[in-house]
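Structural features, examined
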Amino acid sequence: MDQELASGLAFREVQEADIDVALDHAFMVFNEKPPGAARLERHREVLRGSLRIGAYDGPLLVGLLAALPFTLSVPGGDVPCSGVSFVTVSPTHRRRGVLTGMMAELFRRSADRPLAALWASEAAIYGRYGYGYGTYAATVEIDSRRPLALRIAPDERPVRLLGKEETVKLLGPYYDATRASRPGRPARDEAMWREEWLVDTDEGDDDLTAPRVVALGDPVAGYAVYRTKCGDEDARTPGLVRVDELEADTPAVAAALWRYLAGIDLTGVVRAWGRPEDDPLPLMAADRDQVRVTSRFPAMWLRLVDVRDAMERRAWAAPVDLVLEVRDDRLPANAGVRRLVADGGSCSFRPEESAAPDLTFDVRDLATCYLGGTRAEHLVRAGLVAEHTPGAAAALDAALATELLPHTSEEF
Ligand SMILES: CC(=O)SCCNC(=O)CCNC(=O)[C@H](O)C(C)(C)COP(=O)(O)OP(=O)(O)OC[C@H]1O[C@@H](n2cnc3c(N)ncnc32)[C@H](O)[C@@H]1OP(=O)(O)O
């Protein structure tokens with residue numbers, strides 16, 4: 001049923017037959033030309049599989065928000081999540097509450113998925129809707145004009161190139177296994193491998209080659225997906241190795257893959273965008289001037305759509321018994337005082353309105369802590385979380401802690 005806005009706009013599902021209309025609208029708003037046929041078909045496929053919320057002015061589509069259902073790894077398991085994308089409002093209808101209405105509609109229609117996640121085009125937009133920084137990422141650059149100097153010995157087994165079919169067959173299950181050990185990773189189906197990771201042309205840079213994939217070990221003990229680009233002598237720009245993803249079971253395997261990437265002829269820089277914050281490469285480097293972390297940025301934004309369900313579905317690293325007060329202006333069912341009692345895999349987060357809270361969170365800050373990437377103590381120090389009982393934030397942090405920091409390499 002349509003949800004009417006006071007302004008006369010209405011929200012309703014975008015019919016499958018209107019997916020091309022929705023895409024035309026999105027390209028206009030993103031100031032983009034429509035992509036080639038294969039990419040266009042991929043966008044259609046994503047929209048077909050998504051919840052498609054449209055804002056309509058009469059018959060005219062003026063706003064779109066798509067939410068692709070997937071599962072996200074959280075400590076100890078997987079949680080259903082809405083992957084929010086294609087958030088676009090016509091230039092003629094901005095700042096009239098269209099996004100606010102579409103977001104409310106998303107929460108209403110996807111209440112059965114405890115989490116929602118997105119990559120923000122601008123960091124100022126989504127905090128007001130209760131999204132916090134779920135994962136951070138870093139850009140790492142290697143000056144590869146000289147051999148990569150490392151403090152550890154690389155695994156000396158050979159590195160081999162994989163074709164597309166072999167990649168999907170071998171790396172699909174390997175990636176799935178890595179998800180269990182690191183929170184913040186969406187499940188990746190075969191289409192995701194083929195249409196997102198292994199597409200020939202890079203959306204952002206036509207000069208990059210098709211992706212190459214190398215693996216080490218049988219069974220696979222690590223892999224790297226990368227593209228290269230010729231240098232430009234006139235502009236004195238060295239050839240580039242752009243690393244899209246690198247996973248390894250051991251430090252020695254990671255060292256071997258980085259050494260391979262840094263050793264590719266006719267290139268002078270390796271740039272890895274979106275590395276986990278705890279990537280060991282900078283520590284392995286013998287010369288920190290050769291391996292530099294050039295940026296750190298919020299990657300995937302996270303929303304706890306159902307706070308209780310989200311908390312009860314994750315595992316906890318230490319026993320905890322604390323009373324948390326949560327504020328949530330957009331989803332009042334999440335707000336209130338609850339007791340968090342967790343011990344390993346079991347957790348309850350039940351209302352206890354009469355109890356005095358140990359900590360008070362805005363829901364966006366709880367989302368920032370949820371995957372274990374940001375400590376509650378830091379948020380207390382930033383004045384964002386109120387600690388009523390000394391030591392409560394430290395106790396919560398001990399329970400939230402994860403072995404590996406959360407990370408998301410999937411940009412959706
Ligand atoms: C997950 C993704 O898809 S990221 C892609 C996001 N989309 C884009 O960047 C495309 C270009 N921009 C747009 O389409 C629109 O400007 C949107 C979607 C960002 C905002 O849509 P609007 O309908 O204008 O937003 P709406 O009127 O609901 O604004 C709600 C609030 O957000 C604020 N806001 C909206 N856009 C921005 C922005 N870019 N920066 C800062 N604040 C913003 C408004 O000021 C308003 O604040 P208030 O609640 O304090 O009054």
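Residues numbered from 1 in each chain as written. Predicted model: local features only at pLDDT ≥ 70, side-chain atom pairs only at ≥ 80, totals over all residues. Heavy atoms only, no water.

Before going further, it helps to examine the overall build of the protein chain. Each helix and strand counted, the protein chain has eleven helices and 20 strands in total. Taken against the 2.2 N^0.38 rule, which gives 22 Å for 412 residues, the C-alpha radius of gyration of the protein chain at 23 Å falls within 12% of a compact globule. Seen through its principal axes, the protein chain has C-alpha atoms that stretch 65 × 55 × 40 Å. The buried share of the protein chain, taken over its 412 residues, is 53%. In the protein chain, 49 side chains carry a positive charge and 65 a negative one; their mean positions are 1 Å apart. (Helix = DSSP H or I, 4+ residues; strand = E, 2+ residues; numbered from the N terminus. Rg over C-alpha atoms; globule rule 2.2 N^0.38 Å. Buried < 20%, exposed > 50% of the residue type's maximum accessible area, 1.4 Å probe, protein only. Lys, Arg positive; Asp, Glu negative; His and termini not counted. Charge placed at Lys NZ, Arg CZ, Asp CG, Glu CD.)

Counting all residues, the mean pLDDT for the protein chain is 95, and 99% of those residues have values of 70 or more. The ipTM for the predicted assembly is 0.96, set against a pTM of 0.95. (pLDDT = per-residue confidence, 0-100.)

According to UniProt, the positions carrying the feature "domain: N-acetyltransferase" (unreviewed entry) are residues 9-185. End C-alpha atoms of residues 9-185 are separated by 36 Å, and the span's content is 30% helix alongside 32% strand. (UniProt positions renumbered as here; feature names shortened; annotations may be inferred.)

Another aspect to go through is the pairing of strand S6 (residues 115-118). Across the two faces of S6 the burial is the same, with Leu115 and Ala117 and Ala116 and Leu118 all buried. A crossover links strand S5 (residues 77-89) with its parallel partner S6, the connecting element being helix H3 (residues 98-109), and its sense is right-handed. Pairing geometry for S6 and strand S15 (residues 301-304), over four bridges, is antiparallel. The residue of S15 that forms the bridge with Ala116 is Arg303. (Right-handed = clockwise from strand over helix to strand, strands pointing away. Pairing = 2+ DSSP bridges.)

Next up on the list: the UniProt feature "binding site: acetyl-CoA" (unreviewed entry) in the protein chain. UniProt tags Val87, Thr88, Val89, Arg95, Arg96, Gly97, Val98, Leu99, Thr100, Ser121 and Glu122 as "binding site: acetyl-CoA" (unreviewed entry). Checked against the element boundaries, Arg95 lands in the loop between S5 and H3. According to the relative accessible area criterion, Arg95 is exposed, its value standing at 78%. If you trace the backbone, Arg96 turns up in the loop between S5 and H3.

In the vicinity of the ligand lie 24 residues, with Val87, Val89, Arg95, Gly97 and Ser121 positioned nearest. The contact in question runs from an oxygen atom of the ligand to an N or O atom on the backbone of Val98, over 3.4 Å. Thr100 is positioned such that a nitrogen or oxygen atom in its backbone is 2.9 Å from an oxygen atom of the ligand. If the ligand stood free it would expose 970 Å²; the protein chains cover 77% of that surface. For the shell around the ligand, the elements supplying multiple residues, two or more each, are S5 and H3. No other element matches S5, which puts six residues into the shell around the ligand. (Near = heavy atom within 4 Å. Polar contact = N/O pair within 3.5 Å; in protein donor to acceptor, adjacent residues only side chain to side chain. Areas by Shrake-Rupley, 256 points an atom, 1.4 Å probe, with all protein chains shown as cover.)

Further remarks concern the layout of surface pockets. By volume, the second largest pocket amounts to about 500 Å³. Residue lining of the second largest pocket: 26 residues in total, with Arg182, Glu247, Ala248, Pro280 and Leu404 positioned closest to the centre. Elements with a contribution of two residues or more to the lining of the second largest pocket: helix H4 (164-181), strand S12 (240-248), helix H6 (251-262) and strand S13 (269-275). It is S12 that contributes the most residues to the lining of the second largest pocket, five residues altogether. (1 Å grid on protein atoms, 1.4 Å probe; cavity = no way out; pocket = protein on both sides within 12 Å on 5 of 7 lines; lining within 4 Å. Points joined across faces, edges and corners; volume = space filled by probe spheres on them.)

A word on the packing of aromatic side chains. Within the structure shown, the criterion is met by eleven aromatic pairs. When the centroid spacing of 6.0 Å and the interplanar angle of 70° are considered together, the rings of Tyr226 and Tyr260 count as edge-to-face. Taken together, the residues span a long stretch of sequence, with Tyr226 in strand S11 (residues 222-229) and Tyr260 in helix H6 at a distance of 34 residues. With 5.2 Å between their ring centres and 25° between their planes, Trp273 and Phe297 make a pair best called stacked. One end of the pair, Trp273, is in strand S13; the other, Phe297, is in strand S14 (residues 291-298), and 24 residues separate them in sequence. Accessibility expressed as a relative area gives 39% for Trp273, which makes it partly exposed. Residue placement shows Arg188 over the ring face of Trp193; its charged tip is 4.6 Å from the ring centre. For the cation-ring pair, Arg296 lies above Tyr136, with the distance from its terminal atom to the ring centre recorded as 4.0 Å. (Phe/Tyr/Trp six-rings, centres within 6.5 Å; stacked < 30°, edge-to-face > 60°. Lys NZ or Arg CZ within 6 Å of the ring centre and 35° of its normal.)

On to the side chain of Asp155. Within the secondary structure, Asp155 is located in the loop between strand S8 (136-143) and strand S9 (159-162). What makes Asp155 buried here is its relative accessible area of 14%. Within the structure, the side chain of Asp155 is placed 2.9 Å from the side chain of Arg157, a separation counted as a polar contact. Setting aside its immediate chain neighbours within four residues, Asp155 contacts Leu216, Ala252, Val253, Ala256 and Arg259. (Contact = heavy atoms within 4.5 Å.)

The next subject is the sheet that holds S9. One open sheet accounts for seven strands, arranged S9-S10-S11-S12-S13-S8-S14; its pairing is mixed. At either margin of the open sheet sits one strand with a lone partner, and together these are S9 and S14. When the angles between neighbouring strand axes are averaged without regard to direction, this sheet yields 25°. Two strands pair when backbone bridges link them, and S9 and strand S10 (residues 212-216) are joined in this way by four bridges, in the antiparallel orientation. Note on S10: the bridge partner recorded for Val159 is Leu216. Each of S8, S9, S10, S11, S12 and S13 is contacted by H6, which is oriented at about 170° to S12, the strand it contacts most. (Axes fitted to C-alpha atoms, helices over the stretch in contact; angles between N-to-C directions.)

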